[in-house]
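# Geometric and topological summary
In case you want the letters, here they are:
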Amino acid sequence: MDKEKLEQFIRLLQKTCKQPSQTFDLGLIVKEPKSEVDSKDIFEKIKNKVDSERIIYDKLTTDEDIIEKIIELFEKNKWLFLEIKKDISSPLLNQLKHLANHNVLQLLDYQGKDLSEIKMPENCRIIIFAERDFIENKITYPHFYRLFGPTLSIK
Amino acid sequence: MPEKFETIRFKSPEELKEEEIEAKIKERGPEGEILGGIIFEEEIDPETQEKKKYLYFGNPYKERPVIIKLETEANKEEIEAIKKEIIPMEESFEILEAMARTYKHRQPLLIEGPTAIGKTYLTEKFTEMLYGDGVKPLDFYCSGQTDVSELMAKWVPKVETEEDKRKWNEFLESAQAQIEISKIAQEVEQKEKLSQEQKLVLIHSRLQELAKSIGLSERTQWRFQYGAVPKAMGLTRNPNGTFSFDEQKGMGFILHIEEVGLAEPQVINALLKLRGKRGRLAEEIQLWEDGGKKVKSGPKCWVVFSTNPPEEYLARNEVDPALARGVVFKRMGELSGVSLRLASNYYFTYKLGEKPKEKPEGCILDIYNYPEIGREISKVVSVFHNDLNKELKKGEKGRQQRIPLTLDDMARVADALVDEQIRDKKTGQFDLTESLKNLINFYYLDRLADEELKETMIANLDELLTGDTGKIEFEGKVLTRKEIFDILVERASTIKTKEKLEAEKKREEERKLKQIKYDSQDKIDSLSKNPRIPESIKKFLASE
């Protein structure tokens, strides 16, 4: 794994906010087919740089669980390393799109409010980790790559 | 011979006002830049005699723009700030004009246009212009997995345990769920003679049966939840910025349904409920989930759909014909070369946001203060962006998804270029060519799955920056872009050095003056303590 590239990835994710909306990007790390790097190792390297937590999105987790976890990490000003192991369902996809476009979660009927928005704090970021084959063959959303700014390919 | 007289026509106050607004809409700056397009005015409402705030929208690129007037909750300062965040491309005004026109007449709008045309961004800005800075529309994104219940309404079981939660979620993700819920819907809709209460009893008993069949308790409690469509119909934005919902008396709000081209037929069928009379939005919709209860559409409810053209993505379908007939369909083409260059120019001359007050860490040269450098960078980036985009639209080897570029890619490079600068080891100055190459590599090329395409684009970028084919005339000489960058950076750095020296000189003079003042004060103090100095002189010195 190219250490310099990973550092640049974290650095640019941390500080670049786009004109004119002044929104921060979501980051994507793609593990290429021949790579033997483990997602845990990548996460540990990120964790050494920024305060972050790793969550796995698989059959045992629901979209609501992940959304709750995102809110919790926002409160703690932490980064989220989200490893995708199943196709992203509509509720989570909706929130990822909100985060990518506006840096907010937009929730209906949350905590007794008809419509609430939870802003992503300046110190929080979301990194999605997935394998290339998985993205190409299992993710059905055709604009998946477009959710992200910096993309790091792990060879 | 009688003389010919020209007919003199007096213009009505309305006509004069129209002319005044049209002139403001078409206003341009000294360099021909668009200043109009969106005009804020405060006027007295002739009916209520109240002072109200209005916006006038018009396409300033048109000789005779159609002008649309809408009431707004935003103030003048907010509108001016929002206007500054919109790149004045012709396509942007075309979209805003369509939005204003359909909003005024409560007609649903569908914008079909390629990535980067600004569909999402302009919907957000349009909402802000009507409601105030920072107010976002209610956004709903369609995908192949979108469930009708997310749009309309659903019953959610109040499950206590993780196990029950898992069972219910697994059921919802199964194909069986759609079939079972459709069966309940059909049964409820067919029992026309039942009252709403009776229908609700029927729904509950069917839901309990369903819960039992998947292993949940027979006594499961259920909670009713509205989806995005009824919510947008009945939401009211309160003066304190919060939202409240009333299914009968709500004012309504803006709903943006994105990527509608990805929606499955059952989702489209649900969306067709939004079609009203004479091409307008439906006045109300009926929800079987709520026993056939009707939700009224408030006067400020408006729906805008957006989608990419079908040729852009492999998985995308044509917009459903029935939906297309029920909306105002606005088809946008590719962003023109002129608009792409304009956008690039805005990004690299940093016109869109606030410039840093202090030089950030990692910044060797404050390029945001040198628009002449930004203009040259923008020429290179817009050419590169355009070339790569053409290739990406053909598709990449090793990737099923096509990922056309967006203007965000350009914006990212521009923003990172402020503080991700590489120093030229020979001159000690900012190496613009290397810095730009590094960021283009990171944001545009590192994500490519097609290694061959990546190599080609790296070579193209090199040629554009340092090769003969990239040469252009600059101040009477034909130079490579790198040579032009070097000249401009050298000039800016020299100016910087001169400015620095002058500032240093000024600080030194101020320091000397201060020293003289302190020395004089010391002398005065010592004289004041000297017994041989007469008191009258001491008093004089103290007063000075």
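Report on the accompanying structure. (Residues numbered from 1 in each chain as written. Chains lettered and ligands numbered in written order. Predicted model: local features only at pLDDT ≥ 70, side-chain atom pairs only at ≥ 80, totals over all residues.)

Scanning chain A from terminus to terminus reveals five helices and nine strands. Ordered by position from the N terminus, the helices and strands of chain A form the series α-β-β-β-α-β-α-β-α-β-β-β-α-β. The C-alpha atoms of chain A give 15 Å as radius of gyration, which agrees with the globular expectation for 155 residues (15 Å, within 12%). Principal-axis analysis of the C-alpha atoms places the extent of chain A at approximately 45 × 30 × 25 Å. Split into buried and exposed, the 155 residues of chain A put 42% on the buried side. Put simply, 79% of the contacts in chain A that link residues at least 6 apart link residues at least 24 apart. (Helix = DSSP H or I, 4+ residues; strand = E, 2+ residues; numbered from the N terminus. Rg over C-alpha atoms; globule rule 2.2 N^0.38 Å. Buried ≥ 20, exposed ≤ 12 C-beta atoms within 10 Å, placed from the backbone. Contact = placed C-beta atoms within 7 Å.)

Here we come to the overall build of chain B. Counting its regular elements, chain B contains 18 helices and 16 strands. Taking 2.2 N^0.38 as the reference for a compact globule, 544 residues should give roughly 24 Å; the C-alpha atoms of chain B span a radius of gyration of 33 Å, well beyond that estimate. Along the longest, intermediate and shortest principal axes, the C-alpha atoms of chain B span 115 × 95 × 70 Å. Burial analysis of chain B (544 residues in total) assigns 38% to the buried set.

Here we come to the interface of chain B and chain A. Counting from both sides, the interface comprises 45 residues of chain B and, opposite them, 36 residues of chain A. Of all elements in the fold, only helix 4 (119–131), strand 5 (138–141), helix 6 (162–173), helix 9 (228–234), strand 9 (243–245) and helix 14 (407–419) of chain B reach the threshold of two or more residues within the side of chain B that touches chain A. The element contributing the most residues to the side of chain B that touches chain A is helix 14 of chain B, with seven residues. Residue composition of the side of chain B that touches chain A, grouped by class: 18 nonpolar, 11 polar and 16 charged. (Nonpolar A, V, L, I, M, F, W, Y, C, P; charged D, E, K, R; others polar.)

Residue and element names in this part refer to chain A. Taken N-terminus to C-terminus, the directions of helix 3 (residues 63–76) and helix 4 (residues 90–102) make an angle of 30°; their axes are 8 Å apart at the nearest point. Taken together, helix 3 and helix 4 sit at an angle that is classed as roughly parallel. The hand of the helix 3/helix 4 crossing is left-handed. The residues of helix 4 that touch helix 3, namely those facing D63, I66 and I67, are P91, L92 and Q95. (Axes fitted to C-alpha atoms, helices over the stretch in contact; angles between N-to-C directions. Parallel < 35°, antiparallel > 145°, perpendicular 65-115°, else oblique. Left-handed = near helix turned anticlockwise from the far one by under 90°.)

Let us now look at the sheet that holds strand 14 (residues 328–331) of chain B. Backbone-to-backbone hydrogen bonds join strands into a sheet, with any given pair of strands oriented parallel or antiparallel. All names here are of chain B. Strand order in the open sheet formed by five strands is 5-10-13-4-14, with parallel pairing between adjacent strands. Whereas interior strands pair on both sides, the edge strands pair on one side only; in this sheet they are strand 5 and strand 14. For this sheet, the mean inter-axis angle between neighbouring strands, taken without regard to orientation, is 20°. Note: strand 5 against strand 10 (residues 254–258), four bridges, orientation parallel. By the bridge assignment, F140 is partnered in strand 10 with I257. Each of strand 4 (109–112), strand 13 (302–307) and strand 14 is contacted by helix 3 (residues 90–104), which is oriented at about 165° to strand 4, the strand it contacts most. (Pairing = 2+ DSSP bridges.)

Burial of nonpolar side chains together is a common tendency in soluble globular proteins. Ranked by size, the top nonpolar core spans 156 residues in total, and within it I127 of chain A together with A232 and L255 of chain B carry the most contacts. No other element matches the eight residues that helix 14 of chain B contributes to this core. Not counting the four nearest positions on each side in its chain, L255 of chain B is found in contact with P137, L138, F140, A228, V229, A232 and V303 of chain B. (Core = buried A, V, L, I, M, F, W, Y, C linked by C-beta atoms within 7 Å.)

Here we come to the sheet that holds strand 3 (residues 27–31) of chain A. Residue and element names in this part refer to chain A. One open sheet accounts for five strands, arranged 4-5-8-3-9; its pairing is parallel. The sheet terminates laterally at strand 4 (52–57) and strand 9 (151–154), the two strands that pair on one side only. Recorded for the sheet is a direction-independent mean angle of 20° between the axes of neighbouring strands. Here strand 5 (residues 79–84) runs beside strand 8 (residues 126–131); their pairing, made up of four bridges, is parallel. Within the sheet, the bridge partner assigned to E83 lies in strand 8 and is F129.

Any functional reading would require information that these geometric values do not contain.
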